[in-house]
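# Coordinate analysis (summary)
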Amino acid sequence: MIDLIQKLPKAELHLHIEGSLEPELMFRLAKKNKVEIPYKDIEDVRNAYNFTNLQTFLDIYYAGANVLLTKSDFYDLTWEYILKCVEDNVIHTEIFFDPQTHTDRGVPFEAVIMGIKEALADAKEKYGITSCIIMCFLRHLSQEQAFETLEQALAYKDDIIGVGLDSSELGNPPSKFKEVFKKAKEEGFKLVAHAGEEADFSYIYEALDLLNINRIDHGVQSIKSPELMQRLKDEQMPLTVCPNSNIELRVFDTYKEHNIKELLDYGLNISVNSDDPAYFKGYVNQNFINLCENLPMTEEDIVTLVKNSFRSAFISDELKDAYLARVDLALQ
Ligand code: ADE
Ligand code: ZN
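Let me sum up the structure you'll find in this document.

Calculation notes
- Residues numbered from 1 in each chain as written.
- Chains lettered and ligands numbered in written order.
- Predicted model: local features only at pLDDT ≥ 70, side-chain atom pairs only at ≥ 80, totals over all residues.
- Heavy atoms only, no water.
- Helix = DSSP H or I, 4+ residues; strand = E, 2+ residues; numbered from the N terminus.
- Buried < 20%, exposed > 50% of the residue type's maximum accessible area, 1.4 Å probe, protein only.
- Contact = heavy atoms within 4.5 Å.
- Polar contact = N/O pair within 3.5 Å; in protein donor to acceptor, adjacent residues only side chain to side chain.
- Donors = N, O, S within 2.8 Å, 3.2 Å for Na, K, Ca; no water.
- Disulfide = S-S within 2.5 Å.
- Phe/Tyr/Trp six-rings, centres within 6.5 Å; stacked < 30°, edge-to-face > 60°.
- Pairing = 2+ DSSP bridges.
- Axes fitted to C-alpha atoms, helices over the stretch in contact; angles between N-to-C directions.
- Parallel < 35°, antiparallel > 145°, perpendicular 65-115°, else oblique.
- Nonpolar A, V, L, I, M, F, W, Y, C, P; charged D, E, K, R; others polar.

Let's shift gears to the environment of S168. Considering the arrangement of structural elements, one finds S168 in the loop between β4 (162-166) and α9 (178-186). Look at S168 and you get buried, because its relative accessible area is 12%. When the C-alpha positions of S168 and L141 are compared, they lie 9.4 Å apart, and in sequence the two are 27 residues distant. Ignoring anything within four residues of it in the chain, the contact list for S168 reads L54, Q55, L58, R139 and H140. Among the polar contacts listed, one links the side chain of S168 to the side chain of Q55, at a separation of 2.6 Å.

This is how it looks when you write it as structure tokens:
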């Protein structure tokens, strides 16, 4: 199985670039930028990565992001992630970034987007990896602040394919962002939202019906509503599931209790993603390996998950077909 996982080309659709900040780079940038971090060494950082829910993770994740100040920091961050893509045979990636995490500290929007963009351009040139950028609104902030962020993004419309919604889910339902998502759609952005990660399935209904999203990030709480399951299946609505994340944030107590196999067997359009790999013990292949070690996954399941990642990507039908053909070729 590990051989199969390694040899299949994949797409990653749910990856927060700030969540790929490895402790080594965090220390290097902290030193360069003279930013204080509350850790004495790498081991100390890793020991702090012991989360009990989404919020305990987010507190540490936002503190880590404080070391990112300049365009070259965002370039380095993105480039390190691209090297992991090369290792894991990820040939297409759709990257989330959280502009408000940076602009609220005085970092220019331009520095963030250009650093990411230039690294992705180099990834295409050096490794042939294709990519898109998705800008997420922080849902613990107001819709008004999301509107301000959307306004800033309009100058980079060609570089940003879509908008998303992330951060503290409980108490910040999709309905809070209905108007800004409407405006984003009018501006031509694709729409995604974290929904049903920790909060119940009503958040998934809201994301579908009020935000009109094209993909659901996480969505694992759908299983509690047979009616929603049927709808997601009928619509083949993509769910970007992040198994390691769900274990590290205690959405499921153990890997054996993760519901991905049930979602897949029911016929939902599921892909496997790493979310915040530097914080959740591994990149996309490690997520696949953990699934195989803990659940009765078949080779066919792995191929379906990988093919779904391409089918659900924000790329042309021609490129989808070309990538699906590469999967078939790898299987021969
Ligand atoms: N930001 C980064 N990772 C996240 C997650 N898993 N859920 C919500 N917001 C996030
Ligand atoms: Zn996420």
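Here the focus is the coordination of the zinc ion (ligand 2). Bound to the zinc ion (ligand 2) are the protein donor atoms H14 (NE2), H16 (NE2), H194 (NE2) and D275 (OD), situated 2.0 to 2.2 Å from the metal. Each donor residue of the zinc ion (ligand 2) belongs to the same chain, and together they define the spacing H-x1-H-x177-H-x80-D. Within this pair, whereas H14 is found in strand β1 (residues 10-16), its partner H194 is found in strand β5 (residues 190-195), the two being separated by 180 residues in sequence. Like H194, H14 is buried.

Scanning the model with the defined rule gives zero disulfides in all. With no disulfide of its own, C136 lies 11 Å from the sulfur of C242, the closest cysteine sulfur.

So, on to the packing of aromatic side chains. Applying the stated criterion across every chain yields a total of 16 aromatic pairs. Here F51 and F280 contribute two aromatic rings whose centre-to-centre distance is 6.1 Å and whose plane-to-plane angle is 85°, an arrangement assigned as edge-to-face. Taken together, the positions of F51 in the loop between α3 (42-48) and α4 (54-65) and F280 in the loop between β8 (269-272) and α14 (284-294) put the pair 229 residues apart, joining distant regions of the chain. Taken individually, F51 and F280 each receive the classification buried, so the pair is uniform in this respect.

This part takes up the sheet that holds strand β3 (residues 130-138). Spatial ordering of the open sheet is given by β1-β2-β3-β4-β5-β6-β7-β8, a layout of eight strands whose pairing is parallel. Taken across any chain shown, the strands that pair with only one partner, and hence form the sheet edges, are β1 and β8. Neighbour to neighbour, the strand axes of the sheet diverge by 25° on average, direction disregarded. Alignment of β3 against β4, held across five bridges, turns out to be parallel. For L138, the partnering residue across the bridge sits in β4 and is D166. Taken strand by strand, helix α8 (residues 143-153) contacts β3 and β4, and its axis lies near 150° from that of β3. Contacts from helix α10 (residues 202-209) reach β5 and β6 (215-218), with the element oriented near 170° to β5.

This part is about the packing of helix α2 (residues 23-33) against helix α5 (residues 71-88). Between α2 and α5, whose axes approach to 12 Å, the crossing angle comes to 170°. Classed by the angle they form, the pair α2 and α5 counts as roughly antiparallel. Together, L25, R28, L29, K32 and N33 of α2 and S72, D73, D76, L77 and E80 of α5 make up the contact between the two elements. Classifying every residue of the contact of α2 with α5 gives three nonpolar, two polar and five charged.

Function cannot be read off these values alone, since they describe shape.
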